[in-house]
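Remarks on the overall topology
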Amino acid sequence: MALSFSKYHGLGNDFILVDNRQSAAPCLTPDQAQLLCDRHFGIGADGVIFALPGQGGTDYTMRIFNSDGSEPEMCGNGIRCLAKFLADLEGVGEKTYRIHTLAGVITPQLLADGQVKVDMGEPQLLAELIPTTLAAPGEKVVDLPLVVAGKTWAVTCVSMGNPHCLTFVDDVDSLNLTEIGPMFEHHPQFPQRTNTEFIQVLAGDHLKMRVWERGAGITLACGTGACATVVAAVLTGRGDRLCTVELPGGDLEIEWSVQDNRLYMTGPAQKVFGGQTEI
Ligand SMILES: N[C@@H](CCC[C@H](N)C(=O)O)C(=O)O
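About the criteria used
- Residues numbered from 1 in each chain as written.
- Predicted model: local features only at pLDDT ≥ 70, side-chain atom pairs only at ≥ 80, totals over all residues.
- Helix = DSSP H or I, 4+ residues; strand = E, 2+ residues; numbered from the N terminus.
- Rg over C-alpha atoms; globule rule 2.2 N^0.38 Å.
- Buried ≥ 20, exposed ≤ 12 C-beta atoms within 10 Å, placed from the backbone.
- UniProt positions renumbered as here; feature names shortened; annotations may be inferred.
- Contact = placed C-beta atoms within 7 Å.
- Axes fitted to C-alpha atoms, helices over the stretch in contact; angles between N-to-C directions.
- Parallel < 35°, antiparallel > 145°, perpendicular 65-115°, else oblique.
- Pairing = 2+ DSSP bridges.
- Domains from an automatic or database assignment.
- Nonpolar A, V, L, I, M, F, W, Y, C, P; charged D, E, K, R; others polar.

**Focus on the overall build of the protein chain**
When helices and strands are tallied, the protein chain shows four helices and 18 strands. Relative to a compact globule of 279 residues, whose C-alpha radius of gyration would be 19 Å, the protein chain shows 18 Å and is just as compact. Taken over the C-alpha atoms alone, the protein chain extends approximately 50 × 40 × 35 Å along its principal axes. Counting only residues that meet the buried cut, the protein chain has 46% of its 279 residues in that class.

In structure tokens form, the structure reads like this:
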């Protein structure tokens, strides 16, 4: 069977976008998505995103498979790419979409300058909502000790619909993420695995972050992770509510609003190419 696809990226976090508007179920299995994401034997991507019909009065539904075939609840860079993909399909410019995701309704807005601003919703902080067993149900995980690779890390946990474990370090570039990333991801205290962000504070409004993603490994950027980074920085008194988060693929502007407790993420989304592949 031939599959038409488009490839987009948000700061180098890259996705295969599939027009799945004719059916409520993704047209690929997790195994097929995993093959397409392979950088040697497939198209190459951090994940596959499906644009499905909207549910519950929304414009569209987003489903996503990570490059290992697992299905996350949300993807920040991915939803900016999806918004751009939908606008390209519809032939429109500035527009706001209401997108149903497994993490609730998310609202990306295409701006006049080509950037996409996304209302990412409210962060969840209670241990059982991350989920993690690092604290009792009803409690938050803020700067609590976690032993990984023989070292004690002070970690903060935040859910942006998907799980994030965040830790502040003196020098992000010196870390061997390939070695320690999988140990955080599969740590028994994260029953649904976790994304892990390593953060260096450059200034109160400027945080440098590297990420090991659940189901994808090292990526050049993570939108939900950037939002979780600002939440962790504010909770631990290390950063401001309005921050530039510097990632290997570029910068995201993140605001954690005092007014409505929601996270707002602004960044780019770019089409790379389109094509057809056999599956
Ligand atoms: N890159 C994403 C997050 C994708 C999902 C993540 N790997 C997970 O399993 O939760 C982003 O930009 O948010």
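**Structural notes on the UniProt feature "binding site: substrate" (unreviewed entry) in the protein chain**
Look at the UniProt record and you will see "binding site: substrate" (unreviewed entry) annotated at Asn13, Asn66, Gly76, Asn77, Asn162, Asn195, Glu213, Arg214, Gly223 and Thr224. Within the element layout of this structure, Asn13 appears in strand S2 (residues 13-19). For Asn13, a count of 31 C-beta atoms within 10 Å gives the class buried. With residues near it in sequence (within four places) discarded, Asn13 still touches Asp46, Asn77, Thr219, Leu220, Ala221, Cys222 and Gly249. Looking at the element boundaries, Gly76 is found in helix H2 (residues 76-90). Under the C-beta neighbour-count criterion, Gly76 is labelled buried, with 29 such atoms within 10 Å. Discounting chain neighbours no more than four positions away, the residues touching Gly76 are Val118, Met120, Cys222, Gly223, Thr224, Ala226, Cys227 and Met265.

**Some words on unusual backbone geometry**
Keep in mind that most residues, glycine aside, have a negative phi and that most peptide bonds are trans. In this chain, Ile130 is followed by Pro131 through a cis amide linkage whose omega measures -5°. Structurally, the position occupied by Pro131 is in the loop between strand S8 (116-121) and strand S9 (144-148). Positive phi, close to 55°, is recorded for Leu11, a residue that is not glycine. Inspection of the secondary structure puts Leu11 in the loop between strand S1 (2-10) and S2. Take Leu11: there are 23 C-beta atoms within 10 Å of it, and that puts it in the buried class. The phi dihedral of Ala149 falls on the positive side, at around 55°, and the residue is not glycine. Along the chain, the position of Ala149 falls in the loop between S9 and strand S10 (151-159).

**Structural notes on the packing of H2 against helix H4 (residues 223-235)**
Describing two packed helices takes the angle between their axes plus the distance from one axis to the other. It is at 5 Å that the axes of H2 and H4 come closest, and there the two elements cross at 130°. What the angle tells us is that H2 and H4 run oblique. Along its contact with H2, which presents Gly76, Asn77 and Arg80, the element H4 presents Gly223, Thr224, Ala226 and Cys227.

**With respect to the pairing of S1**
Examined bridge by bridge, S1 and strand S18 (residues 270-278) share eight bridges and lie antiparallel to one another. Of the residues in S18, the one forming a bridge with Ser4 is Gln276. In this structure, S1 lies alongside S2, joined through five bridges in antiparallel fashion. Bridge pairing links His9 to Asp14 in S2. Where S1 hands over to S2, the hairpin turn is made up of two residues, of which Leu11 adopts a positive phi near 55°.

**A word on the environment of Asp59**
Mapped onto the fold, Asp59 is located in the loop between strand S3 (47-53) and strand S4 (60-66). For the pair Asp59 and Thr96, spaced 37 residues apart in the sequence, the C-alpha separation amounts to 9.6 Å. Those residues in contact with Asp59 that lie beyond four places of it in its chain are Gly54, Tyr97, Arg98 and Ile99.

**Some remarks on the domain arrangement of the protein chain**
Domain assignment breaks the protein chain into domain 1 (2-119 + 268-278) and domain 2 (127-261). Computed over C-alpha atoms only, the centres of domain 1 and domain 2 are separated by 24 Å. On the domain 2 side, the residues contacting the 20 residues of domain 1 number 18 residues. In terms of residue count, the dominant contributor to the side of domain 1 that touches domain 2 is H2 (three residues). Broken down by class, the residue content of the side of domain 1 that touches domain 2 amounts to five nonpolar, 11 polar and four charged.

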